[in-house]
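# Structural overview
Read off the chains here:
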Amino acid sequence: MSGARFDRFITGVFVKRARTCLDRFLCVRQFESDEPYASIGWLNGVALFMPLVIHMVITNGTGNSLDMPELVFTCASLQYLSISLITKVKTIIRSVSINLPYLTFLELTGLELHDDFAQNLFMGCPSLARLKLSSCDLHFFSIPSEVLKELTLINCCLHEQMQISCPDLVSLSMAIYLKRGGISLNNMSSLVNAVINLCQYLGDDVPVLNLFGGLSNAAKLEICLDTPMLKEQLEKDIPNCRNFDNLKKLVVGGKWNMSYDFYLIACLLKHSPNLKELGLMLDESLCLMQKPQQEVSGDVLFQHEYLETVKIYDLYGTIGELSVELFTAMMKTLNSYIKKIGNWVIF
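Residues numbered from 1 in each chain as written. Predicted model: local features only at pLDDT ≥ 70, side-chain atom pairs only at ≥ 80, totals over all residues. Heavy atoms only, no water.

Per an unreviewed UniProt entry, the chain goes by the name F-box/LRR-repeat protein and belongs to Carex littledalei.

This is the structure in structure tokens:
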């Protein structure tokens, strides 16, 4: 069905339908590359029926962005809103009026979001507990929320220095490309699970990472850094690191030679007195490079008493046995910082 015909069809459905409230509206629509007409203006008509749920996935093969109808952001009945716009040119949502008092879940995919939209979002969604942004360009400076419990940022590009301040947040999952700026975490006293995966686009900007101040209460923590520069910037945040008294599981991964450069991991071990499990995601091609042993600062020369389990993963998830050379090197390094290890698990 062509875009224009689909638009007429769905508009006709709304005209003929009695003005009773909808329970949910689900739509999956693909515009072909040869279609000159692509619109989602009919979404305003959906909002007039006061649905509880809107879930839509629109793929636009023409390469053009789509105009986002504004009424959907003032549909006071909404509890669940998921909008995915898959286009070659991202749809920009700038300043729109937002009044979604009962919205608890919001998912946005393939959009460009600016600071004015973000400010309106957190002011206009007082019940928002779960926020998921996927493949979005983020041009805003902060995520402040007193009620948010779950935050997911997947394959998003960050263009500003962002501060995340969410005292009720329980779960944080980030896979971020740092084009400019960096990430600061604070006021996250309820955080239990955190997964932080950071990649840096090539450029002159040096990212600023202030993470440890917001992670001190986590029970499970995973950190993966795509470049040695990101590791070096995170190491500058170590003076802000308090004890991770609740931390039971720590996973660290990245593109550097962990068999000789263990400073970041050693610091995290020192600040995690109750840690039970340590996972290391290694880039074996880097870890086999011959490098001189790095001298470790005196403030991390210590030995963790006991770890129940040490797991070693391939960073890229490929199937194959870890080389004897790398295993021996890692075992020697770990034995310098851990008095006793219960189990070794090699993936």
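### Quick word on the pairing of strand β12 (residues 171-178)
Direction of pairing for strand β10 (residues 150-158) relative to β12: parallel, over a ladder of eight bridges. Across the sheet, residue Ile154 finds its bridge partner in β12, namely Ala175. Inspection of the sheet shows β12 paired to strand β14 (residues 193-200) by eight bridges, in the parallel sense. Note on β14: the bridge partner recorded for Ala175 is Asn197. (Pairing = 2+ DSSP bridges. Helix = DSSP H or I, 4+ residues; strand = E, 2+ residues; numbered from the N terminus.)

### A closer look at the sheet that holds strand β13 (residues 183-186)
The four strands are arranged β9-β11-β13-β15 in an open sheet whose pairing can be described as parallel. Each of the sheet's edge strands pairs with one partner strand only, and the pair in question is β9 (142-144) and β15 (209-210). The sheet contact formed by β13 and β15 spans two bridges and is parallel. The partner of Ile183 across the bridge, within β15, is Leu209.

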